[in-house]
Amino acid sequence: MYQYDQLDQSIVEQRSAEFRAQVERRLAGSISEAEFKPLRLMNGLYLQLHAYMLRVAIPYGVLSSKQMAKLADIADKYDRGYGHFTTRQNIQFNWPKLIETPDILDDLAGVQMHAIQTSGNCIRNITTDPFAGAAADEEVDPRPLCELLRQWSTLHPEFAYLPRKFKFAITGSAIDRAAIKVHDIGLRLRKGSDNRPLTDIWVGGGQGRTPKVAQLFKQGVALEDLLPYLEAIMRVYNRYGRRDNKYKARIKILLAETGLEKLQEQVEAEFQSLDRTPFVNVAAELQRITENSLTPDYASHNESGELTNNGSVPHPEFDAWKQQNVKPHKVRGYVIAMVSLKPAGGIPGDATSRQMRELAELAVRYSHDELRVTHRQNLVLPHVLERDLFALWQALVEIELAEDNIDLPSDIIACPGLDYCALATARSIPIAQAVSAKIRATEKKTDLGGISVNISGCINACAHHHVANIGVLGLNKGGVENYQLTLGGRNDQNASIGERLGPGVSGDEVPHVIERIIDFYVDVRDAGESLSDTYDRVGKEPFKEAAYV
Amino acid sequence: MPLKHSQSIIIANDLRTGRTVYLTEDSRWSDSVVDAELLDQQDYAESRLVTALSGEGANLVIDPYLVGIEPDLCASNIRERIRLSGPTIINNARVGIDQAA
Amino acid sequence: MSDVVRLLKADGTVGEIDAKAVAMFASLEGETDPATLSVSDIDADILLIEFTGAADGRGFSLAKAVLGKMAYQGKLYAVGCINPDQLSMALQTGFDGVLVPAERWADYGAEVWKAALSPIVKLSYASTRSQGLQSIWQLRHGTQS
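To start, this report covers the structure provided alongside it. (Residues numbered from 1 in each chain as written. Chains lettered and ligands numbered in written order. Predicted model: local features only at pLDDT ≥ 70, side-chain atom pairs only at ≥ 80, totals over all residues. Heavy atoms only, no water.)

On to the overall build of chain C. Across its full length, chain C holds 6 helices and 8 strands. When the helices and strands of chain C are placed in sequence order, the string is β-β-α-β-β-α-β-α-β-α-α-β-β-α. Relative to a compact globule of 145 residues, whose C-alpha radius of gyration would be 15 Å, chain C shows 15 Å and is just as compact. With the principal axes as the frame, chain C shows a C-alpha extent of 50 × 40 × 25 Å. Per-residue burial over chain C gives 52% buried out of 145 residues. Looking at chain C alone, contacts between residues at least 24 apart form 54% of all its contacts between residues at least 6 apart. Counting every atom, chain C has about 6600 Å² of accessible surface; 50% of that belongs to carbon and sulfur. (Helix = DSSP H or I, 4+ residues; strand = E, 2+ residues; numbered from the N terminus. Rg over C-alpha atoms; globule rule 2.2 N^0.38 Å. Buried < 20%, exposed > 50% of the residue type's maximum accessible area, 1.4 Å probe, protein only. Contact = heavy atoms within 4.5 Å. Areas by Shrake-Rupley, 256 points an atom, 1.4 Å probe, with all protein chains shown as cover.)

And the structure:
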């Protein structure tokens, strides 16, 4: 993974010092809340229902053991002993004090972390494939480009006051694990004919009130042209994007209102006339980023010889976990081990400080010091020797993180919802807890295949309910929580927006409705057919009939 | 703004900590709802809101407003009820593991 | 009467200009599309770019366009909804200073305005036109004037 040099370190420390000064001005009363709010948001500090909330950036979801241990320390020292991993591969703390936030940022800077641009109408944390640099099917490692984009977008003066927030996602595999088609800009890195990386640029995806799948905007952009081209898109969006209505301010609306061809022309004109001087160092910088990144020393680790289960003793629980949570690695003898943060009845994405600290230790021992956060709110140990798996699994059992449910219906994405969030219209976490507690038993006895269940507590769709196979949207109907269901969404390379099934139901009803939908799918599916495929084949009505008894 | 409930309290966030706080009879801000001043006359409630807003001006609290409550100190609106009583989540998984630790 | 406007320059000097004189300067709104501009629009010794909203950064892009591809040679000042916390961005995109009406100047106070000229963050990744700010990419690779 990428290592900061002194300059990266300085800018993060300076930004932290700048925020400390801004907090001091606020506490002294020299700036009002109205003036301070945009300043704190630029550092990821929200005011929620019960307290401030600090969103810490985990750039492209990559964490070192040391960083994970520091997050655990912060949870204990300044918060309530836990953290919440998010769909932007970030972590949120739910109870920090304003007066202590500058200290938290200093602690983060000490381990090359920050909260820069985790909120506000700017370019947000860039996300990628949680298996980047490890996946067996990867064509191009997206991490150096992610780091380049992180640097380019950090405190970029032109893009600090956009019409609305702006999200990038990048994948280097044909199988899209980064949901690039529901981002403002999605980048698909692939190898060109001469083996040099090329990028396909997808524009205008997004969720929220008006969900859209991105359109292919420009194919085969060479890396040396990529940053100028992205800068051109950003300028055109900033110039013409709507500022009169926040629900129409995303680039997806600009694309819909302008039309693909005309927007492409505008971007091309900007790209052609753009001053390239700021980008003369980009190729050298990409090279430097690659050189300043630690690559696991797979060979030496291979010889270390750990305690293993050689398979002579049958262990059905371990086998089930391995079957569900372990994915192929590009290096022979290695695997990718996924750690589910979705225990049956638990809070999706939450980890206690003790769990974080233990995971940091496990990453030291078994995963070359590295961890990843997934946009489905789980964690990954990306470089594990296959023969260490049994020992790793035993350790995960100890800290109650060995749930073998990756990609199963109980692996639910849920936003904080009305229990924490000032924007929410209904609760999400208690619904997720009830759903996972109920369907976990079914999952264990029937092979359901991958089914995604995502639960958002308002129309902003932080839990990506539109692109779930089964989406749940919590609304407030006359003071009472009411939940709408959508079916048939997908967030992969075949991204699609789910369709609303019918009238909303009460929170108590949600687990039953979902169970009936899954039972119906199991009854009618063809061999190898996913829930969304079945939905496409049989249509809404039969599912509706099964869901509403 | 007419009072929709027979009784109201004034709620805000503490600037320094962000915690939910309540306006007391002696015009302090308490983090305990039992200390909240119960307001049952609309004119008086509005004058107390003016006091509360001066707390915002003095950089003590953020966004004070009136919340209608029931006799048992519960808000009738779900959002305000959660604000008053905290997250409704019961985390069996976490409670279990941390007690074991 | 508050018809005096402060001119805070990047070099730290503070001048006073009569509001009527300010109104005579050539001026562009921040949201102006650079593609619609001709050389005659910016044929002046002093040009103002007006920020029409605190949450609208298009004036920064316009400054780059005017100084870059339109090769404007005169002085460029920011005016309108711009606050001390945004001053660093203005200098970074090439403004020579900011014009602040007396009332706005007093709101923040002279010290805050002047302090904003030497921001705590002294680094930027991409290129910068500000004397007080260094480009990390240039420092690393040193290939740019």
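Our focus in this paragraph is the interface of chain C and chain A. How big an interface is tends to be expressed through the accessible area that disappears when the partners come together. Between chain C and chain A, the contact holds 33 residues from the first and 45 residues from the second. Here chain C and chain A share an interface that buries about 3500 Å² over both sides, 57% of which is from carbon and sulfur atoms. Inspection of the region where chain C meets chain A yields 8 salt bridges. With its nearest N and O atoms 3.4 Å apart, the salt bridge here joins R243 of chain A to D56 of chain C. Taken together, the elements giving at least two residues each to the side of chain C that touches chain A come down to α2 (58–67), α3 (87–92), β7 (123–124) and α6 (136–141) of chain C. The element contributing the most residues to the side of chain C that touches chain A is α6 of chain C, with 6 residues. (Buried area = accessible area lost by both parts, 1.4 Å probe. Salt bridge = Lys/Arg side-chain N within 4 Å of Asp/Glu carboxyl O.)

Within this structure, the stated rule accounts for 7 cavities of 30 Å³ or more. The wall of the largest cavity is formed by 13 residues, among which I116, R124, N125, R150 and S153 of chain A lie closest to the centre. Composition of the lining of the largest cavity by domain shows at least three residues from each of domain 1 (6–109) and domain 2 (127–289) of chain A. A volume near 70 Å³ is recorded for the second largest cavity. R235, N238 and R239 of chain A together with G30, E31, T32, P34, R58, S61 and L62 of chain C are the residues that line the second largest cavity. Taken together, the elements giving at least two residues each to the lining of the second largest cavity come down to α6 (223–240) of chain A together with α2 of chain C. Residue composition of the lining of the second largest cavity, by class: 2 nonpolar, 4 polar and 4 charged. (1 Å grid on protein atoms, 1.4 Å probe; cavity = no way out; pocket = protein on both sides within 12 Å on 5 of 7 lines; lining within 4 Å. Points joined across faces, edges and corners; volume = space filled by probe spheres on them. Domains from an automatic or database assignment. Nonpolar A, V, L, I, M, F, W, Y, C, P; charged D, E, K, R; others polar.)

Residues and elements named next belong to chain A. Where helix α12 (residues 353–366) contacts helix α13 (residues 389–398), the two axes come as close as 11 Å, and the packing angle between them is 170°. Classified by the angle between their axes, α12 and α13 sit roughly antiparallel to one another. Within the contact between the two elements, α12 uses R354, L359, L362 and Y366 and α13 uses A391, L392, A395, L396 and E398. Residues belonging to the contact of α12 with α13 are distributed by class as follows: 7 nonpolar, no polar and 2 charged. (Axes fitted to C-alpha atoms, helices over the stretch in contact; angles between N-to-C directions. Parallel < 35°, antiparallel > 145°, perpendicular 65-115°, else oblique.)

So, about the interface of chain B and chain A. The interface is formed by 25 residues belonging to chain B together with 38 residues belonging to chain A. Summing both sides of the interface, chain B and chain A together bury roughly 2800 Å²; the carbon and sulfur share of this comes to 59%. For the interface between chain B and chain A, the tally reads 0 salt bridges. Remark: the boundary between chain B and chain A carries 10 residue pairs in polar contact (both at pLDDT 80 or more). Listing elements by their share of the side of chain B that touches chain A, those giving two or more residues are β1 (7–14), α2 (78–85) and α3 (92–100) of chain B. (Polar contact = N/O pair within 3.5 Å; in protein donor to acceptor, adjacent residues only side chain to side chain.)

With that settled, consider the packing of aromatic side chains. All names here are of chain A. The full count for this structure, using the stated rule, is 19 aromatic pairs over all chains. For the pair F166 and F168, a centre-to-centre distance of 5.6 Å together with 50° between the ring planes defines the contact as tilted. Accessibility assignment for this pair places F166 and F168 in one class, buried. Considering the side-chain rings of F166 and Y237, the 5.3 Å spacing of their centres and the 50° angle between planes classify their relative orientation as tilted. Taken together, the residues F166 in the loop between α5 (143–153) and β7 (168–171) and Y237 in helix α6 connect sequence positions 71 residues apart. Look at F166 and you get buried, because its relative accessible area is 0%. With relative accessibility at 0%, the residue Y237 sits in the buried group. Taken together, W152, F159, F166, F168 and Y237 form an aromatic cluster joined through their ring pairs. Cation over ring: K181 sits above W202, and NZ or CZ is 4.2 Å from the ring centre. (Phe/Tyr/Trp six-rings, centres within 6.5 Å; stacked < 30°, edge-to-face > 60°. Lys NZ or Arg CZ within 6 Å of the ring centre and 35° of its normal.)

Right, let's get into the packing of α6 of chain A against helix α8 (residues 260–273) of chain A. Residue and element names in this part refer to chain A. The interhelical angle for the contact between α6 and α8, taken along N-to-C directions, is 120°, at an axis separation of 8 Å. Relative to α8, α6 is oriented oblique. Crossing handedness for the pair α6 and α8: right-handed. Here α6 contributes D225, P228, Y229, A232, I233, R235, V236, R239 and Y240 to the contact with α8, which in turn contributes L263, Q266, V267, E268, E270 and F271. (Left-handed = near helix turned anticlockwise from the far one by under 90°.)

Let us look at the sheet that holds strand β2 (residues 20–23) of chain B. Residues and elements named next belong to chain B. Pairing is antiparallel in the open sheet, where 4 strands are placed in the order β3-β2-β1-β4. The sheet is open, and its two edges are formed by β3 (29–30) and β4 (61–69), each paired on a single side. Relative to β3, β2 runs antiparallel, the two sharing 2 bridges. Residue pairing across strands places L23 opposite W29, the latter belonging to β3. (Pairing = 2+ DSSP bridges.)

Okay, the layout of surface pockets next. All names here are of chain A. Considered as a void within the structure, the second largest pocket measures approximately 770 Å³ in volume. What lines the second largest pocket is a set of 31 residues, among which D176, R177, D407, N491 and D492 lie closest to the centre. Elements represented by at least two residues in the lining of the second largest pocket include exactly β11 (326–328), β12 (334–339) and α16 (531–538). Per-class residue counts for the lining of the second largest pocket are 11 nonpolar, 11 polar and 9 charged.

Moving on to the pairing of β4 of chain B. Residue and element names in this part refer to chain B. For β4, the tally of buried residues reaches 8 of 9 residues, placing the bulk of the element in the interior. Note: β1 against β4, 7 bridges, orientation antiparallel. Of the residues in β4, the one forming a bridge with I10 is L66.

Another point: the side chain of E147 of chain A. Looking at the element boundaries, E147 of chain A is found in helix α5. For E147 of chain A, the side chain forms a polar contact with the side chain of R150 of chain A, separated by 3.0 Å.

A few words now on the sheet that holds β12 of chain A. Residues and elements named next belong to chain A. Strand order in this open sheet of 5 strands is β3-β14-β15-β12-β11, and the pairing throughout is antiparallel. Looking at which strands have only one partner, the edges of the open sheet turn out to be β3 (62–64) and β11. Strand-to-strand, the axes of this sheet are offset by a mean angle of 30°, without reference to chain direction. Here β3 pairs with strand β14 (residues 370–373) via 3 bridges, running antiparallel. Note that in β14 the partner of V62 across the bridge is R372. Strands in contact with α12 are β12, β14 and β15 (379–385); relative to β15, the strand with the most contacts, it is inclined by about 25°.

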